[in-house]
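Structural characterization, general
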Amino acid sequence: MSKRSAGLLGLAVAGVLALTSCAANEAAAPTDSDESASTLEGTLSGAGASSQGSAQEAWIAAFQTANTGVTINYDPSGSGAGREAFIAGGVAWAGSDSALSDDELGGEFGACAPDTKAIDLPTYISPIAVIFNVEGVDELNLDAATLASIFKGTITTWNDPAIAALNEGASLPSTPITAVHRSDDSGTTKNFADYLNKVAPDVWDAKPADAFPYQTGEGAQGTSGVVDAVTNGVGTIGYADASKAGDLGTAKIKVGDEFVAYTPEAAAAVVEESPLVEGREDNDIAISLDRTTTDPTHYPLVLVSYSIVCSEYADAAQGELVKAYIGYITSDEGQQEAATSAGAAPLSADLAGRVATALEAVK
């Protein structure tokens, strides 16, 4: 297998970043007896995937407790906004639910040393939950073609024959369907669309991208916006990082001949057996997810969220902080923190080892 490399903005980042950092500092304020021996100092700012939001809050709190001279900021502005901010040099790293595109990799990166590139490092693995709020419906089975038709707007009521055929015996109302999608550029959308395009290409004929491709349904800003719209609506359905599903209903999706509920383990199994994207730099670890698996122990509606970092930083002190922080969040301790706080699936030992090797080369 081959390998990889890496994704403008940054002015509005500072205000929201400060809020994230302050909250983390308050949550993890160390006592005198906890004073860290760490000599790290400085401020490190990142932005991007809202899917990582819960995990980032926990990671920041723990890292700042152990490194009291460091302030970490993270703005969960969405994957597209995060990559734009990183490309422009407004933040030192980006969180993104989709790896850098070839076009992005062909450009310049504001925080990176001249004539160097950025790399994608897997940080956070999570199922994407299909969330719904339909009166009288507690369980829901969907296959990819039916799910694609709902979000494309060609299935418009909950008692549609296609849905009824997958949910024998269920009392499905004639309520109109309101399908809620991300209105911002979102790596979660790209992963959702990639799954539908790979498994139901005759229905979902749009190329996967961060922007939702069809003029249908209702748009909402960020993961929290989608969850709020589904929660407060009537006959609603949406997609979101599973850590944010809360008490909403979550659909099972058809994998092979069975309907499968999401679990961190089933999501991790897909990642473990998927190849790397070809043609990338040696330390770029972008993954080509296998969406078409028929193994019911796998849940192919999964996202890998990346930390996009410079292979070499223009500011060496920022490079040191990035190596330390990303090294922590991708360590066994950091991954367990994400599993506990956000229900994420930890990186496998092999994948974590690849990330550690890549980070060693970051300057």
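Coordinates for the structure precede this section.
Residues numbered from 1 in each chain as written. Predicted model: local features only at pLDDT ≥ 70, side-chain atom pairs only at ≥ 80, totals over all residues. Heavy atoms only, no water.

Moving on: the layout of surface pockets. By volume, the largest pocket amounts to about 670 Å³. Lining the largest pocket we find 27 residues, and of these S98, K190, D194, V277 and I287 sit closest to its centre. Broken down by secondary-structure element, the contributors of at least two residues to the lining of the largest pocket are helix 4 (102–105), helix 7 (187–199) and strand 12 (302–310). Here the lining of the largest pocket gets five residues from one element, more than from any other, and that element is helix 7. Per-class residue counts for the lining of the largest pocket are 10 nonpolar, five polar and 12 charged. (1 Å grid on protein atoms, 1.4 Å probe; cavity = no way out; pocket = protein on both sides within 12 Å on 5 of 7 lines; lining within 4 Å. Points joined across faces, edges and corners; volume = space filled by probe spheres on them. Helix = DSSP H or I, 4+ residues; strand = E, 2+ residues; numbered from the N terminus. Nonpolar A, V, L, I, M, F, W, Y, C, P; charged D, E, K, R; others polar.)

Our next topic: the packing of aromatic side chains. Evaluated as defined, the whole model comprises 13 aromatic pairs. Centroid distance F86 to F109: 5.8 Å. Interplanar angle 45 degrees. Geometry classified as tilted. Note that F86 is positioned in helix 3 (residues 79–88) and F109 in the loop between helix 4 and strand 4 (118–133), a separation of 23 residues in sequence. For F109, a relative accessible area of 4% gives the class buried. (Phe/Tyr/Trp six-rings, centres within 6.5 Å; stacked < 30°, edge-to-face > 60°. Buried < 20%, exposed > 50% of the residue type's maximum accessible area, 1.4 Å probe, protein only.)

Below, the discussion takes up the environment of T236. Checked against the element boundaries, T236 lands in strand 8 (residues 236–241). Take T236: its relative accessible area is 2%, and that puts it in the buried class. Through-space distance from the C-alpha of T236 to that of E135 is 9.8 Å; in sequence the pair is 101 residues apart. Not counting chain neighbours up to four residues away, the residues in contact with T236 comprise I131, F132, N133, V134, W158, T178, A229 and V230. There is a polar contact of 2.7 Å between the side chain of T236 and the backbone oxygen of V230. (Contact = heavy atoms within 4.5 Å. Polar contact = N/O pair within 3.5 Å; in protein donor to acceptor, adjacent residues only side chain to side chain.)

So, about unusual backbone geometry. Phi at D115 is positive, roughly 65 degrees, even though this residue is not glycine. Here D115 shows up in the loop between helix 4 and strand 4.

Moving on, we come to the pairing of strand 4. Where burial is concerned, most of strand 4 is hidden: 15 out of the 16 residues are buried. Of the strand pairs in this sheet, strand 4 and strand 12 are connected by nine bridges, and their pairing is antiparallel. Bridging from a neighbouring strand, A118 pairs with C310 of strand 12. Taken together, the two bridges between strand 4 and strand 9 (residues 249–250) define a ladder with antiparallel strand orientation. Within strand 9, the position partnered with F132 by the bridge is G249. (Pairing = 2+ DSSP bridges.)

Relative to the elements of secondary structure, T293 occurs in the loop between helix 9 (264–272) and strand 12. Of the residues examined, T293 reaches a relative accessible area of 15% and is grouped as buried. Separated by 3.1 Å, the side chain of T293 and the backbone nitrogen of D295 make a polar contact. Apart from the residues within four sequence positions on either side, T293 is in contact with V255, H298 and P300.

With that settled, consider helix 11 (residues 332–342). All of the buried residues along helix 11 are G334, Q335, A338 and A342. Across the axial projection of helix 11, the buried residues extend over an arc of 100 degrees, all falling on one side. Looking at helix 11, the residues exposed on the side facing more than 90 degrees away from the buried face are D332, E333 and T340. Check the buried side of helix 11 and you find it contacts helix 2 (53–66), strand 4 and helix 10 (316–329). Phi turns positive, to about 70 degrees, at G343, one or two residues after helix 11. (Arc of directions from axis to C-beta.)

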